[in-house]
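# Structural overview for review
Okay, here's what each chain looks like letter by letter:
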Amino acid sequence: MNIVTGAKGFIGDHFACTVDKPLEIDIDNCFELLNKFNRWDDVDMIIHMGARSWTTDKDIDAIYRYNIDYSIKLFEKAIQYGIPVKYASSASTYGKCLTSDGIINPLNYYALSKATVDYWVQENMHRFSHIQGFKFFNVYGSGEVHKGEQASLVSKFKWQSATGKIHPFQGSNKVFRDYIWVGDIVNVVLTNSAGSGIFDLGTGESITIQQVADIIAQKTEAMVEEIPFPPNLVGKYQYNTQADMSWLSDSYKFKTVSDYVNHHDEF
């Protein structure tokens, strides 16, 4: 049996559809798992994808309850029963700009909660049978509709293209992001042979937001029309992100945004 938290979410759903015998946990029954579940000896792995994940969330109490307190209590169960753990961290913990220095500088409460759990894991890593945390970069793919404004730009530009116009922010030709397809997320998390640790998970290559818009515009025959940069994102926007994938075998080939847009059935 594999426990998958966040099973109704974008990434969690892809894990739940992939692993054998998933026990699907979401925000409605997550604490019931801690308080009433009594089959921990039957659990092969915990895949912890659940969180309050929108970056504009200001409910500090709820963020602490679901992202920090719940995660640590779940991990204590994993330690107690010797259960391997795979969990979602976030590249948002790095702040405005990440290329290779790895400095932690969260720009919002969500990122801060992820960094807090990462620090706890680092301090307690010796207590786990095996644990891997993954700082996901810009994940995109099928199943993002419910995310609304928190969806990836790949998906948002796809939806916008139905109107005939795609709207990147002004200056998007200077904003670099590392975009990773959700299918690659699932494959790497479940099949890598690395030991315990906290790892970046992107493709290791970045492209500009303008390039993403142009790729989708060419595929859909939409026009690209820039819009003003939102005032509420000033000082809270990542401008240059690229995962350090030196920990993963060079033989793994990631799907590019162009591959996905031009050759994937779900686009």
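Above: the structure in question.
Figured I'd write up the structure that's included with this text. (Residues numbered from 1 in each chain as written. Predicted model: local features only at pLDDT ≥ 70, side-chain atom pairs only at ≥ 80, totals over all residues. Heavy atoms only, no water.)

Moving on to the packing of helix 5 (residues 153–161) against helix 7 (residues 209–220). Look at helix 5 against helix 7: their axes get within 10 Å of each other, and the N-to-C directions meet at 40 degrees. Accordingly, the angle class assigned to the pair helix 5 and helix 7 is oblique. Handedness of the crossing formed by helix 5 with helix 7: right-handed. Counting all contacts with helix 5, which are made through Leu153, Val154, Phe157, Lys158 and Ser161, the residues of helix 7 involved are Ile209, Val212, Ala213, Ile216 and Thr220. Residue composition of the contact of helix 5 with helix 7, by class: seven nonpolar, two polar and one charged. (Axes fitted to C-alpha atoms, helices over the stretch in contact; angles between N-to-C directions. Helix = DSSP H or I, 4+ residues; strand = E, 2+ residues; numbered from the N terminus. Parallel < 35°, antiparallel > 145°, perpendicular 65-115°, else oblique. Left-handed = near helix turned anticlockwise from the far one by under 90°. Contact = heavy atoms within 4.5 Å. Nonpolar A, V, L, I, M, F, W, Y, C, P; charged D, E, K, R; others polar.)

One pass over the structure, following the stated rule, counts nine salt bridges. Put simply, Arg127 and Glu76 hold a salt bridge, and the shortest N to O gap is 2.9 Å. One end of the pair, Arg127, is in the loop between helix 4 (109–124) and strand 6 (131–136); the other, Glu76, is in helix 3 (residues 60–81), and 51 residues separate them in sequence. Two residues, Glu149 and Lys156, come together in a salt bridge whose shortest N-O distance is 3.6 Å. Here Glu149 falls in the exposed class, since its relative accessible area comes to 65%. Exposure remark for Lys156: the relative accessible area of 16% places this residue in the buried category. (Salt bridge = Lys/Arg side-chain N within 4 Å of Asp/Glu carboxyl O. Buried < 20%, exposed > 50% of the residue type's maximum accessible area, 1.4 Å probe, protein only.)

Across all of its chains, the model carries 14 aromatic pairs by this definition. Ring centres of Phe75 and Tyr87 lie 5.3 Å apart, and the angle between their planes is 55 degrees; this geometry places the pair in the tilted category. Separated by 12 residues along the polypeptide, Phe75 in helix 3 and Tyr87 in strand 4 (residues 85–90) bring together distant segments of the chain. Ring centres of Phe75 and Phe128 lie 6.0 Å apart, and the angle between their planes is 75 degrees; this geometry places the pair in the edge-to-face category. Pair noted here: Phe75 is in helix 3 and Phe128 is in the loop between helix 4 and strand 6, with a separation of 53 residues, a long-range link. Accessibility expressed as a relative area gives 0% for Phe75, which makes it buried. Each residue in the set Phe75, Tyr87, Trp120 and Phe128 is aromatic and connected to the rest through ring pairs, giving one cluster. Geometry around Phe31 places Arg65 over its ring, the cationic atom sitting 4.1 Å from the centre. In this structure, Arg65 packs its charged tip against the face of Tyr66, placed 5.5 Å from the ring centre. (Phe/Tyr/Trp six-rings, centres within 6.5 Å; stacked < 30°, edge-to-face > 60°. Lys NZ or Arg CZ within 6 Å of the ring centre and 35° of its normal.)

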